[in-house]
Amino acid sequence: MAILQHLRWLYRELGLHSLYGAGLDAWLIIAARCCRMIAFGTNSLILALFFSSLKFSDTYIGLFMTLTLLGDVLLSLVLTVIADRVGRRRVLLAGSGMMVASGAIFAIFENYWILLVAAVAGVMSATGGDFGPFRAIEESILSTLTGPNSRADVLAWYVTVATLGQSIGTEASGRIVHYLENLEGWTLVDAYHTVFWMYTAVGILNIIFMALLSDNCEAPKTVETDTDVDEAEAFLPAAESAQEMEERTGQSLDEQPKPTKVDKQRLFSLSLISRETRPAIFKLWFLLILDSLADGMTAYSLTTFYMDQKFHLPKSTLGDITSISYFLSFLSSLSAAPLCRRLGLVNTMVFTHLPSSVAVLLFPLPNHIVLTVILLMIRTGFNNMDQAPRAAFIAAVVKPEERTAIMGITSMLRTLASTAGPTVTGILAGHQHFWIAFVAAGALRIAYDLGLFAMFVNMKLYQHEEGGPGEMRTVDARQSSDEEELRDLVSPTSATRTSNESDEAAYAR
């Protein structure tokens with residue numbers, strides 16, 4: 001009985017009850033991201049090394065990453081803004097096809113400009129992060145499939161399995177490259193090409209996952225409110241009566257073509273964001289730009305390149321170090337959801353990200369590999385713990401019908417801010433001042449953390465949720481029934497009711 005009680009506590013504490021209640025679509029999205037991050041994890045280790053082995057300069061490597069990120073900006077902006085209208089699943093399938101095409105080109109060609117076009121026009125993670133159209137749309141889908149009480153748990157698992165995928169990808173990449181380059185007749189470049197074929201295969205697997213998603217993943221249909229009509233009429237030069245309009249057009253009012261919501265959203269505009277949302281989201285975007293600029297300057301692919309230049313490590317050892325750091329990130333991400341329940345979303349974002357920022361600031365100081373690896377472990381281990389609460393925070397402060405567009409714009413702004421980073425770092429590296437990039441990036445990240453705490457720590461959440469923070473949606477029905485089953489096995493009814501009430505109070509903070 002005691003064992004069952006502990007298992008039940010662990011089941012709820014890790015948010016597995018929320019993950020189970022989210023349903024098959026959520027599981028497919030999380031599995032797809034895990035596989036995708038395996039591919040992106042291979043890139044974080046070898047991409048800069050691949051270009052270096054082709055004898056391209058540090059400046060060209062930085063330029064490649066910058067232009068690739070710019071391509072991701074345009075791709076993410078266009079696809080996320082139209083996703084709710086065209087269909088979220090169609091956009092995700094299109095992105096997966098681009099991923100396959102980019103991987104195949106990298107596996108075949110070695111010309112700098114061909115590779116650049118493939119990365120800019122397709123989906124190729126230049127930094128090891130999940131850029132492109134996937135993340136914003138998937139987070140919006142998960143926010144739709146979950147209620148306020150389960151959202152942070154599900155998004156935490158969305159991040160957690162991603163870090164596990166990155167760990168597997170970097171470990172496999174380092175081992176495969178080390179093995180293949182030692183085979184007779186194989187060169188280091190040939191080994192890198194083989195890893196890009198793995199990237200292509202994962203893209204095909206991603207297509208399969210996206211094809212299996214149901215209609216529940218599409219954007220919920222919304223009805224235009226009187227407020228929308230009033231705001232639209234404010235842009236008209238003057239109001240016309242029905243008789244005046246009939247005389248001018250020769251048509252009765254019933255015959256007039258009706259403007260639709262699709263027409264108003266045909267072009268991207270900040271007017272798509274409601275007045276209530278703008279103050280909070282604009283402040284958040286400013287802070288995220290600082291954080292993303294820092295991330296671009298010290299992307300994991302550039303970090304491994306820096307360690308390779310400074311310590312001249314074997315590729316297998318470099319892969320082991322990076323893989324272990326990602327695995328630590330996986331373990332730490334498991335605690336993100338429990339921390340959200342106890343500390344609140346903003347506190348979790350700040351106090352888990354701050355140690356990582358300090359580690360970035362101090363990263364270039366040690367001259368010994370052991371201390372450098374310890375700082376890398378601290379940076380990576382804490383780095384992803386803010387991702388799930390950040391996505392849940394955005395979902396909590398915006399209206400449900402705005403989520404996909406706002407998450408897409410957020411992803412676009414973050415990627416755009418990241419684009420300057422690799423070029424700056426490439427120039428610094430070319431002049432033997434690589435270390436300055438880490439110091440500047442650490443300072444920017446710390447500014448982001450402190451600004452986030454100052455601006456949002458007392459903000460009220462879930463004001464746009466139907467029924468408020470205590471509402472549980474119908475998609476959580478399976479979760480409730482599962483909790484009842486566990487309750488019957490191991491604890492009295494009152495204990496479960498008390499636990500549920502404490503969870504709701506924690507999420508409302």
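Now for a look at the structure at hand.

How each quantity is defined
- Residues numbered from 1 in each chain as written.
- Predicted model: local features only at pLDDT ≥ 70, side-chain atom pairs only at ≥ 80, totals over all residues.
- Heavy atoms only, no water.
- Helix = DSSP H or I, 4+ residues; strand = E, 2+ residues; numbered from the N terminus.
- Contact = heavy atoms within 4.5 Å.
- Salt bridge = Lys/Arg side-chain N within 4 Å of Asp/Glu carboxyl O.
- Core = buried A, V, L, I, M, F, W, Y, C linked by side-chain atoms within 4.5 Å.
- Buried < 20%, exposed > 50% of the residue type's maximum accessible area, 1.4 Å probe, protein only.
- 1 Å grid on protein atoms, 1.4 Å probe; cavity = no way out; pocket = protein on both sides within 12 Å on 5 of 7 lines; lining within 4 Å.
- Points joined across faces, edges and corners; volume = space filled by probe spheres on them.
- Nonpolar A, V, L, I, M, F, W, Y, C, P; charged D, E, K, R; others polar.
- Axes fitted to C-alpha atoms, helices over the stretch in contact; angles between N-to-C directions.
- Left-handed = near helix turned anticlockwise from the far one by under 90°.
- Expected span 1.5 Å × (residues − 1).
- Patch = residues over 30% accessible without salt bridge, like charges linked within 9 Å, V, L, I, M, F, W, Y side chains within 5 Å.
- Areas by Shrake-Rupley, 256 points an atom, 1.4 Å probe, with all protein chains shown as cover.
- Phe/Tyr/Trp six-rings, centres within 6.5 Å; stacked < 30°, edge-to-face > 60°.
- Lys NZ or Arg CZ within 6 Å of the ring centre and 35° of its normal.
- Disulfide = S-S within 2.5 Å.

**Here we look at the side chain of Thr42**
Of note, Thr42 is situated in helix α3 (residues 24–53). With residues up to four places along the chain from it excluded, the contact list for Thr42 reads Gly169, Thr170, Ser173, Val195 and Met198.

**So, the pattern of salt bridges**
Scanning all chains against the criterion turns up 13 salt bridges. The salt bridge partner of Asp295 is Arg414, with a shortest N-O separation of 3.9 Å. Of this pair, Asp295 sits in helix α13 (residues 278–297) while Arg414 is found in helix α20 (residues 403–430), placing the two residues 119 residues apart along the sequence. Taken together, the shared-partner salt bridges connect Glu13, Asp153, Arg341 and Arg342 into one network.

**Regarding the nonpolar core**
Ranked by internal contacts, the top residues of the largest apolar core, which has 117 residues, are Phe50, Phe51, Phe64, Phe106, Met307 and Phe393. It is α3 that contributes the most residues to this core, 17 residues altogether. Not counting the four nearest positions on each side in its chain, Phe106 is found in contact with Leu47, Phe50, Phe51, Phe64, Leu115, Ala118, Ala119, Met124, His193 and Phe196. The next biggest cluster of nonpolar side chains, apart from the first, holds 6 residues, and it includes Met297, Val360, Ala437 and Ala441.

**Focus on empty space enclosed by the protein**
If you walk through the whole model with that rule in mind, you get 4 cavities of 30 Å³ or more. What the second largest cavity holds in volume is close to 40 Å³. For the second largest cavity, the full set of lining residues is Asp58, Ile61, Gly62, Leu302, Phe305, Thr425, Gly426, Ala429 and Phe434. Among the secondary structure elements, those contributing two or more residues to the lining of the second largest cavity are α4 (58–86), α14 (300–311) and α20. A breakdown of the residues in the lining of the second largest cavity according to their chemical character gives 5 nonpolar, 3 polar and 1 charged.

**Topic: the packing of α13 against α20**
One way to put it is that α13 packs onto α20 with a least axis distance of 7 Å and a crossing angle of 35°. Relative to α20, α13 is oriented so that their crossing is right-handed. For the pair α13 and α20, contact is made by Ile281, Trp285, Leu288, Ile289, Asp291, Ser292, Leu293, Asp295, Gly296 and Met297 and by Ile406, Ile409, Thr410, Leu413, Arg414, Ala417, Ser418, Ala420, Gly421, Pro422, Val424 and Thr425, respectively. Its residues assigned to classes, the contact of α13 with α20 comprises 13 nonpolar, 6 polar and 3 charged.

**Observations regarding helix α8 (residues 148–181)**
The end-to-end C-alpha distance of α8, which contains 34 residues, comes to 50 Å, matching closely the 50 Å that a straight helix rising 1.5 Å per residue would cover. Judged by how many residues are buried, α8 sits mostly within the fold: 25 of 34 residues are covered.

**A word on the environment of Gly344**
Looking at where Gly344 falls in the secondary structure, it is placed in the loop between α16 (336–343) and α17 (345–362). Taking C-alpha positions, Gly344 is 8.9 Å from Val457, a pair spaced 113 residues apart along the chain.

**Some remarks on a nonpolar patch on the surface**
The grouping of Val370, Leu371, Ile374, Ile378 and Phe382 at the surface amounts to a nonpolar patch, some 400 Å² of accessible area in total. Note on placement: Ile374 falls in helix α18 (residues 369–383). For Ile374, a relative accessible area of 42% translates into the label partly exposed.

**Brief notes about the packing of aromatic side chains**
For the coordinates displayed, the defined rule picks out 27 aromatic pairs. Ring geometry for Phe40 versus Tyr199: centroids 6.0 Å apart, planes at 35°, classification tilted. Taken together, the positions of Phe40 in helix α3 and Tyr199 in helix α9 (residues 188–211) put the pair 159 residues apart, joining distant regions of the chain. Given the relative accessible area of 1%, Phe40 is considered buried. For the ring pair Tyr60 and Tyr112, a centre distance of 5.2 Å and an interplane angle of 75° mean the geometry is edge-to-face. Residue Tyr60 is located in helix α4, and its partner Tyr112 is located in helix α6 (residues 112–121); the two are separated by 52 residues in the primary sequence. The class of Tyr60 is partly exposed, set by a relative accessible area of 39%. Residue class for Tyr112 comes out buried when judged on its relative accessible area of 4%. Directly above the aromatic system of Tyr300 lies the positively charged group of Arg379, at a separation of 4.4 Å from the ring centroid.

**What to know about the state of the cysteines**
The tally for this structure, following the rule as stated, stands at 0 disulfides. No disulfide involves Cys34; its nearest neighbouring cysteine sulfur is the one of Cys35, lying 5.6 Å away. Using a relative accessible area of 16% as the deciding quantity, one classes Cys35 as buried.

**A look at unusual backbone geometry**
In this structure, Lys55 is a non-glycine residue whose phi angle is positive, near 70°. With respect to the secondary-structure elements, Lys55 resides in the loop between α3 and α4. The backbone phi angle of Gln432 is positive, close to 65°, even though this residue is not glycine. Take Gln432: it is sitting in the loop between α20 and α21 (434–456).

Honestly, it's all geometry; don't read function into it.
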